[in-house]
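These are the residues of each chain, in order.
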Amino acid sequence: MLKSEYSKNKLEKAQTPTSLDTMTSGAELLVEALVQEEVEYIFGYPGGAVLPLYDAFYEQRIPHILYRHEQGATHAAEGYARVSGKPGVVVVTSGPGATNAITGIADAYSDSLPLVVITGQVASPGIGKDAFQEADILSMTTPITKHNYQVRDVKEIPKIIKEAFYIANSGRKGPVVIDFPKDMGVFSTQETYDTSIHTPGYVVKTSPEQDDVTQLLVALSVSQKPVVLAGAGIHFSKSNDLLRQFVEHFDIPVVATLHGLGAIPYSHPLFLGMGGMHGSYASNMALTECDLLINFGSRFDDRLASNPDHFAPHAKIVHVDIDPSEINKIIRTDLGIVADVKHVLTELLKRRGEAVKHDTWVKQVQAYRTQHPFTYLETDNEAFSKPQRAIEYIGQITNGDAYVSTDVGQHQMWVAQFYPFKKHGQLITSGGLGTMGFGIPAAIGAQFAKPDATVVAFVGDGGFQMTNQEIALMKEFNLNIKVVLINNGTLGMVKQWQDKFFDQRFSSSVFNDQPDFMRLSEAYGVKGFLIDQASQLESTIDTAFAHDGPAVIEIRISPTEAVLPMVPSGKSNHEMEGLL
């Protein structure tokens, strides 16, 4: 929970608005524009080019959270955006400040997360002259943003902010960059506060064509083996309940992507698990054998469809996505519906008719789930705990209700397999870009979005060493986040691939030396709990979760523990290896 004094200060500042008539500087205009957008927090890191902005932040009309690195600030904004549904706002300085933020911007673009990133820039006369800490951030971010701006006239600031928030959070969500020259924060204007927006060519189609809905219902009426593929679009369109009603009425099994986990509860009888490279046997066999595949809001990425030419080979493919560029981009589509998933599900339910049953098909895929569930072999090495068991147990004691962030790698896949997600938006992870170092700052951003929620961050020992400095914020704001550090002394997923595909030539994937993570976390004022005896796993986790305040829980696991099952790259979904 946030410190009470901080929350009180935030409330007091919010209740003392500045009159637009008294505003003169560009920095003040920008702050007022952010207030008008109801921004709750600014995640950032100051520097010379943004000093005028930070001087305006001094009054804390919007609380500023000082991260320890610009990459951490952008990942925190992503975590905030994923959980709150609002754009995360980042402010960084010019040059290295802006370039350090690029990883988070690219990550948000890949995973369709709304960010508004304000990058400082050298004063306008110095642009293009290799001034100190100058970088052409517009060129650098053009491929990884929905849109970017450079402020050239102070009076345009409110309009640019308004447009940026609209673009970031409409249609397929994503990041927008606003490059802000230093002099734009100092110059003044007496112009009217103009918030009209002008977005030529930016048209978002949300409602489906009625003929497309009819075609989908006809396809359903003749299908014997339908499957729903639930992607992140379910979360972004807030369609969890509609999806559940739809699949229950039509009796359709559900496969989730990584970002689709929680679309319907883990415990639901129609849920088969995550599909793809480290997906469940039931999910991958359902994708292989279905005669109708309805994709709601997933982009058919290569971790799901490693071999597109043989993906769902017997199925009629229906793809519903708000982004028209995704239709037919990877998988041949028989029916592409460009619309908001929520609107499509609403229309389908309006015209649903009598309930439908696919008893034989449902029993078949449920049998697959029973035949090869996600499982693991217990170890006889007392020094090493089973990560799967730890994640299962944390799922039990949090009742499946926690917001869960992860880094990238083996632990990420174990979380996807074994944490019992109940609703969409609980999993906060880097999917498309696969960014190590994402987990800790994203968890902090999620906790700011949901101060009273349980937040758990699962990280590996590799990713932990990339952004662990951000745990200072957990202490500073008394954030009750539990960081679960799965430590195998290696870059686990890299080593697993080297083991299988590179003749066990473990090139630079084993850490020959590591810090004492317990002493490191406690140096930041965060309580550490070490589990180096398997028999102590559950009792130590209980103690750590009962601790009032942030904690780092280090769990030692075997360096040979692998994520199974696995569909090797380039293979079809049914060609899984390592089934138990």
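Note that residues are indexed from 1 along each chain, following the sequence as it is written. The predicted nature of this model means local features are confined to residues of pLDDT at least 70 and side-chain atom pairs, given and counted, to a pLDDT of 80 or more, with totals for whole chains, interfaces and linings taken over all residues. Only hydrogens and water are removed before side-chain values are computed, so all heavy atoms of the structure are retained for them.

**Digging into the sheet that holds strand S6 (residues 175-181)**
Reasoning step 1: We call two strands paired when DSSP finds no fewer than two bridges between them. Secondary structure follows DSSP: runs of H or I at least 4 residues long count as helices, runs of E at least 2 residues long count as strands, and numbering of each begins at the N terminus. The parallel open sheet is built from 6 strands, whose spatial order is S2-S1-S3-S4-S6-S5. Of all strands in the sheet, those bounded by a partner on one side alone are strand S2 (64-66) and strand S5 (147-150). Each adjacent strand pair in this sheet contributes to an overall mean axis angle of 20°, direction not counted.
Reasoning step 2: For strand S3 (residues 88-92) and strand S4 (residues 115-121), the ladder comprises 5 bridges, and the chain directions are parallel. Among the inter-strand pairings, Val90 is bridged to a residue of S4, identified as Val117. Only the stretch in contact is used when a helix axis is fitted, and all axes are lines through C-alpha atoms; the angle between N-to-C directions ranges over 0 to 180 degrees.

**Some words on the nonpolar core**
Reasoning step 1: Nonpolar cores are built from buried Ala, Val, Leu, Ile, Met, Phe, Trp, Tyr and Cys residues. Side-chain atoms within 4.5 Å join them into one set. Exposure classes here rest on a 1.4 Å probe applied to the protein chains alone. A residue is buried below 20% of its type maximum, exposed above 50%, and partly exposed in between. Of all hydrophobic cores here, the largest spans 69 residues; its most connected members are Val228, Leu243, Phe246, Leu261, Ile294, Phe296 and Ile555.
Reasoning step 2: If near-sequence neighbours (up to four positions away) are discounted, Ile555 is found in contact with Ser385, Ala390, Val484, Leu485, Ile486, Asn487, Ile531 and Leu537.
Reasoning step 3: With 47 residues, the next largest nonpolar core counts Val90, Ile105, Ala449 and Ile471 among its residues. Residue contacts are counted whenever heavy atoms from the two residues lie within 4.5 Å of one another.

**With respect to helix H2 (residues 26-36)**
Reasoning step 1: Of all 11 residues making up H2, 8 are buried, and the element is well covered by its neighbours.
Reasoning step 2: Buried within H2 are the following residues: Gly26, Ala27, Leu29, Leu30, Val31, Glu32, Ala33 and Leu34.
Reasoning step 3: Looking at the buried residues of H2, the elements they touch are strand S1 (42-45), helix H3 (51-57), S4, helix H7 (157-168), S6 and helix H8 (182-186).
Reasoning step 4: Phi for Glu38, located one or two positions after H2, is positive at around 60°.

**Focus: the UniProt feature "domain: Thiamine pyrophosphate enzyme TPP-binding" (unreviewed entry) in the chain**
Reasoning step 1: Residues annotated in UniProt with the feature "domain: Thiamine pyrophosphate enzyme TPP-binding" (unreviewed entry) correspond here to residues 407-555.
Reasoning step 2: Here residues 407-555 runs as 40% helix and 17% strand, with 15 Å between its end C-alpha atoms. UniProt positions are given in the numbering used here, feature names are shortened, and annotations may be inferred rather than shown by experiment.

**Thoughts on empty space enclosed by the protein**
Reasoning step 1: Each cavity reported here is a set of points on a 1 Å grid over the protein atoms alone in which a 1.4 Å probe fits but cannot get out, each pocket an open set with protein on both sides within 12 Å along at least five of seven lines, and each lining residue one with an atom within 4 Å of a point. Grid points are joined across faces, edges and corners, and a volume is the space filled by probe spheres set on the points. Tallied over the full model, the rule gives 2 cavities of 30 Å³ or more.
Reasoning step 2: Taken as a whole, the largest cavity spans an internal volume of roughly 70 Å³.
Reasoning step 3: If you trace the largest cavity, you find it lined by His372, Pro373, Phe374, Thr375, Leu564, Pro565, Gly578, Leu579 and Leu580.
Reasoning step 4: Under the scheme applied here, ten amino acids are nonpolar (Ala, Val, Leu, Ile, Met, Phe, Trp, Tyr, Cys and Pro), four are charged (Asp, Glu, Lys and Arg), and all others, including Gly, are polar. Its residues assigned to classes, the lining of the largest cavity shows 6 nonpolar, 3 polar and no charged.
Reasoning step 5: Considering only enclosed or pocket space, the second largest cavity measures out at about 50 Å³ in volume.
Reasoning step 6: Taken together, Arg82, Ala232, His235, Leu258, His259, Leu261, His424, Gly425 and Leu427 form the lining of the second largest cavity.
Reasoning step 7: Of the residues in the lining of the second largest cavity, the class split is 4 nonpolar, 4 polar and 1 charged.

**What about the pairing of S5?**
Reasoning step 1: Relative to S6, S5 runs parallel, the two sharing 4 bridges. Directly across from Tyr149, in S6, lies its bridge partner Ile178.

**Here we look at the side chain of Ser112**
Reasoning step 1: You can see Ser112 is positioned in the loop between helix H5 (96-110) and S4.
Reasoning step 2: Residues adjacent in sequence count toward polar contacts only when both atoms are side-chain atoms; beyond that, a polar contact is any pair of N or O atoms within 3.5 Å, and within protein one must be able to donate a hydrogen and the other to accept it. At 2.9 Å, the side chain of Ser112 and the side chain of Arg172 are in polar contact.
Reasoning step 3: Residue contacts for Ser112: discarding those within four places in its chain leaves Arg172, Lys173, Gly174 and Phe236.

**Observations concerning the pairing of strand S17 (residues 527-531)**
Reasoning step 1: As paired strands, S17 and strand S18 (residues 551-556) are joined by 5 bridges and run parallel to one another. For Ile531, the partnering residue across the bridge sits in S18 and is Ile555.
Reasoning step 2: Orient the strands so they point away from the viewer, and a crossover whose first-strand-to-second-strand path over the helix runs clockwise is right-handed. Handedness of the crossover joining S17 and S18 through helix H22 (residues 537-546) is recorded here as right-handed.

**With respect to unusual backbone geometry**
Reasoning step 1: The omega torsion of the bond from Leu564 to Pro565 falls at -5°, within 30 degrees of zero and hence cis.
Reasoning step 2: When you line up the elements, Pro565 lands in the segment after S18.
Reasoning step 3: Here the phi dihedral of Gln60 falls at roughly 55°; this positive angle occurs in a residue that is not glycine.
Reasoning step 4: Here Gln60 falls in the partly exposed class, since its relative accessible area comes to 25%.
Reasoning step 5: Notably, Phe300 is not glycine yet its phi reads approximately 55°, a positive angle.
Reasoning step 6: With a relative accessible area of 2%, Phe300 lands in the buried category.

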